[in-house]
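What follows is the residue order along each chain.
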Amino acid sequence: SAASDVYKRQRRAAAAQAAMRAMGIADDLYDGILTSGEAVHRALRDRRDPWFAALGRRVLHIGPVRDRNVFDSLDLTEVATPDEAEFVLNPGPDDHTPNQTVEDFLPLLRRCRAADLPMICANPDLEVIRGGVRVICAGALAQAYAALGGEVRSLGKPDPAIYASVFDMLGIADRRRILAVGDSLRTDIAGATAAGIDAAWVIGGIHAEELGAVDGTLPPAEVLQRAAAAHKLEPVAALPAFAW
């Protein structure tokens, strides 16, 4: 969906806000925005976490030019090859480029591994739906890099750490009053569960085809319960689509 495209690109908050305005999501419909790209920007800027503090300043960026806003205002030097880099920033392949596969990136990932570069994964999603077509995300590259023996640090769902900043932004102490809404069991619903909040599962997204929900209707409840239970998850509700 168009909404998924906005939230799953690793832009900073201001860029996400501009995209949401273009989609007709007015500013008064929400109280704040925190993208995982924004969280990565802050972690690289502040260097409070020892892992981030040790990264160095020379970065190899694996992603489209429009995602450079994650780091281009920071005291970092972008380099062109793994041999020049001290770490890898992976916000994901260009989701406007069709038919990309993880295998396309393996030669570069192997060179990064040979240089023993740590990788920041700025989006744990494995794939996203772009205009009805599945495209790979940063999580798929990170998964492949880890399989090569590479060191990966992810910021974003389902890591419960990303939720602390959101809770602070909301200013709601009682987590029973918070509902997460998302389409991915692996990230959205699992992340909400790990953070101790309820989740509503949007069926017409990443799992639509496998659940037989391509016509915009909800499958039978037992089908949804079985699919969620296979991931040991229990969303409190299911929605056919996300709309505003």
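In this text, all values refer to a predicted model and were calculated from it rather than measured experimentally.

Rules behind the numbers
Residues numbered from 1 in each chain as written. Predicted model: local features only at pLDDT ≥ 70, side-chain atom pairs only at ≥ 80, totals over all residues. Heavy atoms only, no water. Helix = DSSP H or I, 4+ residues; strand = E, 2+ residues; numbered from the N terminus. Rg over C-alpha atoms; globule rule 2.2 N^0.38 Å. Buried < 20%, exposed > 50% of the residue type's maximum accessible area, 1.4 Å probe, protein only. Contact = heavy atoms within 4.5 Å. Areas by Shrake-Rupley, 256 points an atom, 1.4 Å probe, with all protein chains shown as cover. Salt bridge = Lys/Arg side-chain N within 4 Å of Asp/Glu carboxyl O. Pairing = 2+ DSSP bridges. Axes fitted to C-alpha atoms, helices over the stretch in contact; angles between N-to-C directions. pLDDT = per-residue confidence, 0-100.

Peer 1: Before we go on, may I ask you to explain the overall build of the protein in this structure?
Peer 2: Within the protein, the regular secondary structure consists of 10 helices and 10 strands. What you see for the protein is a C-alpha radius of gyration of 18 Å, in line with the 18 Å of a compact globule of 244 residues. Based on the C-alpha atoms only, the size of the protein along its principal axes is roughly 55 × 40 × 35 Å. Counting across all 244 residues of the protein, residues that qualify as buried make up 46%. Within the protein, contacts between residues separated by at least 24 positions form 65% of all contacts whose residues are at least 6 apart in sequence. Taken as a whole, the protein presents about 12100 Å² of accessible surface, with 51% of it coming from carbon and sulfur.

Peer 1: Whenever I open this one, helix α6 (residues 138-147) confuses me. Can you help?
Peer 2: Working note: α-helix, 3.6 residues per turn, so residues spaced by three or four point in the same direction. For α6, a buried count of 7 out of 10 residues is recorded, marking the element as mostly surrounded by other parts of the structure. Listed in full, the buried residues belonging to α6 are Ala138, Gly139, Ala140, Leu141, Ala142, Ala144 and Tyr145. Buried residues in α6 make contact with β3 (87-90), α5 (102-114), β4 (119-121), β6 (133-136) and β7 (152-154).

Peer 1: Even after reading the chapter, I still don't get the pattern of salt bridges, so can you show me in this structure?
Peer 2: A side chain of one charge can pair with a side chain of the opposite charge when the charged atoms of the two come close. Taken as a whole and assessed by the stated rule, the structure comprises 11 salt bridges. Arg45 serves as the salt-bridge partner of Asp46, at 2.7 Å between the closest nitrogen and oxygen. Assessed through its relative accessible area of 45%, Arg45 is described here as partly exposed. Residue Asp94 pairs with Arg66 through a salt bridge whose shortest N-O separation is 3.1 Å. Taken as a pair, Asp94 in the loop between β3 and α5 and Arg66 in the loop between β1 (58-61) and β2 (77-79) lie far apart in primary sequence, 28 residues in all.

Peer 1: Mind showing me how you'd approach the environment of Val128 here?
Peer 2: Considering the arrangement of structural elements, one finds Val128 in strand β5 (residues 127-130). Spatially, the C-alpha atoms of Val128 and Gly205 are 8.5 Å apart, while their sequence positions differ by 77 residues.

Peer 1: It is not clear to me how unusual backbone geometry should be interpreted in this structure. Could you clarify?
Peer 2: Leaving glycine out, the prevailing phi sign among residues is negative, and the prevailing peptide bond configuration is trans. That bond from Lys157 to Pro158 is cis: its omega, 10°, falls within 30 degrees of zero. Following the sequence through the fold, Pro158 ends up in the loop between β7 and α7 (161-170). Even without being a glycine, Arg47 presents a positive backbone phi close to 55°. With respect to the element layout, Arg47 can be found in the loop between α3 (36-46) and α4 (50-53). Although it is not a glycine, Lys232 adopts a positive phi angle of roughly 60°. Residue classification places Lys232 among the exposed residues on the basis of a relative accessible area of 78%.

Peer 1: Can you walk me through the sheet that holds β7 in this structure?
Peer 2: In any sheet, the strands associate via hydrogen bonds between backbone groups, in a parallel or an antiparallel arrangement. With respect to topology, 5 strands assemble into an open sheet ordered β2-β1-β3-β4-β7, the strand pairing being parallel. One side of each edge strand has no neighbouring strand; the edge strands of this open sheet are β2 and β7. In this sheet, neighbouring strand axes are inclined to one another by 30° on average, regardless of whether the strands run parallel or antiparallel. Relative to β4, β3 runs parallel, the two being bridged by 3 bridges. Among the inter-strand pairings, Leu89 is bridged to a residue of β4, identified as Ile120.

Peer 1: I'm lost on the confidence of the model for the protein in this one. Help?
Peer 2: Low pLDDT marks stretches whose predicted atomic positions should not be read closely. Looking at the protein, the pLDDT average stands at 89 and 94% of residues meet or exceed 70. The lowest-confidence element of the protein is helix α1 (residues 2-8), averaging 39 in pLDDT; the highest-confidence one is β1, averaging 98. Predicted confidence for residues 1-10 stays below pLDDT 50, and this span has 39 contacts to residues more than four positions away or in other chains.

Peer 1: Explain the sheet that holds strand β8 (residues 179-182) here, please?
Peer 2: Taken in spatial order, the 3 strands line up as β8-β9-β10 in an open sheet, and their pairing is parallel. Every other strand in the sheet has two partners, leaving β8 and β10 (237-239) as the edge strands with one partner each. Taking the axes of each pair of neighbouring strands and ignoring which way they run, one obtains an average angle of 25° across the sheet. Judged from the 3 bridges that link them, strand β9 (residues 198-202) and β10 form a sheet pairing that is parallel. The residue of β10 that forms the bridge with Ala200 is Ala237. Helix α8 (residues 185-195) rests against β8 and β9 of the sheet, and its axis sits at about 160° to β9.

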